[in-house]
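# Chain and residue survey
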Amino acid sequence: THLGTLCLFVAFGLLGMRAGSFAFAHMAGNPALLAAGTPVFILSLLGFGSKAGFVPLHIWLPEAHPAAPSPVSALMSGVMIKTAIYGLLRVLGLFAQPPAWWGFALGAIGMCSGALGILWALAQSDFKRLLAYSSIENVGIITLGVGIGYLGVSFGNPLIALLGLAGALWHVVNHGLFKSTLFLGAGSILHATGSRDMNRQGGLSQRMPVTAFVVLMACIAICGLPPFNGFVSEWLIYLGAFQLGQRREPYLCVVAPVLALIGALAVACFSNAFGEQFLGVARTERAAVARESDWRMLAPMGV
C-alpha cells in the first residue's frame with residue numbers, strides 16, 4: 001500500500017507540475033502532459049495495479065480476502081479493488097492521444113492476470129481463497145477490456161474503443177454484484193458448517209436450498225454464461241477483440257482465444273466449487289446437520 005501510494009504521489013506530482021494545477025479540468029487534453037506520459041503511465045500501473053491486484057502485484061489479495069469477515073470480503077472484492085480501475089481510467093483519460101503500446105501493455109497484463117488468476121483458483125480447496133483468486137481473474141478481464149478500448153483510441157477506431165471500454169466498465173458493475181453475492185454465500189456456508197474447506201462440505205443443497213440457489217445463479221453469472229450479466233459485459237469485450245483480430249496482426253489475434261480460455265477455466269472452476277459443496281452427500285457431521293441461514297443473511301444475497 002505504501003509503495004503503491006508513493007508511485008501515485010509521484011505520478012500526480014508530475015501531472016500537476018506539467019499542467020500547472022492539480023485540477024483534472026486543467027490536466028485533461030493538456031499538450032504539456034505529453035512529455036510526462038510514459039513515466040505517469042508506468043507509475044499509475046504500479047500504484048493502481050497494486051490496489052487492483054494486477055499480476056505480479058496480486059500477492060496481498062489471496063491473503064487478505066479469506067482473512068476478512070465475509071461481508072468485508074464482499075466489499076473489498078466487489079468495490080474496493082475497482083477504485084483502482086476508476087483511478088487508472090481517470091489518469092489515462094487525461095491524454096487525448098495515448099500511444100498504442102499503452103493498450104498493448106494493459107492487454108498483456110489483463111491476459112496474464114486473467115489466465116493465471118483462474119488457474120490458481122482451480123487449485124484451491126478454501127472457497128474464499130478461490131474467490132479471491134477469481135477476483136484477480138476478473139480484474140484481468142476488465143483490464144483487457146481497457147487495453148482493447150485504448151488500442152481503439154490509438155488506432156482511431158471509435159467502435160473498438162467503445163466496445164472495449166463499455167465492456168470493461170460494465171464488467172466492473174457486474175463483478176461487484178456477482179462476486180459480492182458469492183462472498184456472502186461463502187459466509188452463509190461458513191456460518192452453517194464452521195468451515196471454508198470445500199472438501200468438508202457436500203450435500204448442502206438439501207439443507208440450505210436458498211443459499212444453494214443464489215450461489216448457483218452467481219456462479220453462472222461469473223462464468224460469463226448467457227443470459228446473465230457476466231455474459232453481456234464479456235461479450236462486449238469479445239466483440240472488441242474480434243474487431244482487433246480483423247487487423248490480422250498476430251499479437252492482436254490471440255486476444256479472443258485467451259479470453260475464451262479464461263472463460264472455459266472459469267466454468268470448470270465454479271462447476272467444481274458448486275458441486276463439491278452443494279451436491280452429493282455430506283462428508284462431515286457438521287455438514288450433515290447444517291441448517292439454512294437466517295433471513296437477515298439471505299436477504300442481501302437475494303438482492
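Up top is the structure these notes are about.
So, here's what we can say about the structure. The residue count restarts for each chain, going from 1 along the sequence in the order it is written. Local features in this predicted model are restricted to residues of pLDDT 70 or higher, and side-chain atom pairs are both shown and tallied only at a pLDDT of 80 or more, whereas totals for entire chains, interfaces and linings draw on every residue. The side-chain quantities take in all heavy atoms of the structure and omit both hydrogens and water.

Attention now moves to the packing of helix 6 (residues 82-92) against helix 9 (residues 158-193). Each packed pair of helices is defined by two parameters, the angle between the axes and the distance between the axes. An axis is simply a line fitted to the C-alpha atoms; with a helix, the fit covers only the stretch in contact. Between two such axes, the angle follows the N-to-C directions and lies from 0 to 180 degrees. Note on conventions: DSSP H or I runs of at least 4 residues are helices, E runs of at least 2 residues are strands, and numbering of each starts at the N terminus. Direction vectors running N to C along helix 6 and helix 9 enclose 160°, while the axes themselves pass 11 Å from each other. Relative to helix 9, the element helix 6 is oriented roughly antiparallel. For the pair helix 6 and helix 9, the crossing hand works out as left-handed. Facing helix 6, whose interface residues are K82, I85 and L89, helix 9 presents L165, L169, V172, H175 and G176. Ten residues, namely Ala, Val, Leu, Ile, Met, Phe, Trp, Tyr, Cys and Pro, are considered nonpolar, four, namely Asp, Glu, Lys and Arg, are considered charged, and the remaining ones, Gly among them, are considered polar. Counted by class, the contact of helix 6 with helix 9 contains five nonpolar, two polar and one charged residues. When describing relative orientation, an angle under 35 degrees is termed roughly parallel and one over 145 degrees roughly antiparallel, while 65 to 115 degrees is termed roughly perpendicular and anything else oblique. By definition, any crossing whose near helix is turned counterclockwise from its far helix by less than a right angle is left-handed, and any crossing with a clockwise turn is right-handed. Whether two residues are in contact is decided by their heavy atoms, any of which lying within 4.5 Å being enough.

A separate point is the nonpolar core. Formed by 67 residues in total, the largest nonpolar core has its most connected members in F127, L130, L182 and F270. It is helix 8 (residues 127-155) that provides the largest number of residues to this core, a total of 10 residues. What L130 contacts, discounting residues up to four positions off in sequence, is A121, Q124, M198, C269, F270 and A273. Buried Ala, Val, Leu, Ile, Met, Phe, Trp, Tyr and Cys residues that are joined via side-chain atoms within 4.5 Å together make up what is termed a nonpolar core. Buried means the residue's accessible area, taken with a 1.4 Å probe over protein chains only, is under 20% of the maximum for its type, while exposed means over 50%, and partly exposed covers the values in between. I141, L144, Y238 and L252 belong to the second largest nonpolar core, which has 16 residues in total.

To continue, consider the side chain of S135. Take S135: it is sitting in helix 8. On the basis of relative accessible area, S135 is assigned to the buried category, the value being 0%. Whenever two N or O atoms come within 3.5 Å, that pair is a polar contact, provided that in protein one can donate a hydrogen and the other can accept it, and provided that, for residues adjacent in sequence, both atoms are side-chain atoms. Within the structure, S135 has its side chain in polar contact with the side chain of S77 (distance 2.4 Å). A polar side-chain atom of S135 sits 3.1 Å from a polar atom in the side chain of K179. When near neighbours in sequence (up to four residues on either side) are disregarded, S135 contacts L61, H65, S77, I81, H175, K179 and F183.

Worth remembering: the numbers are spatial, not functional.
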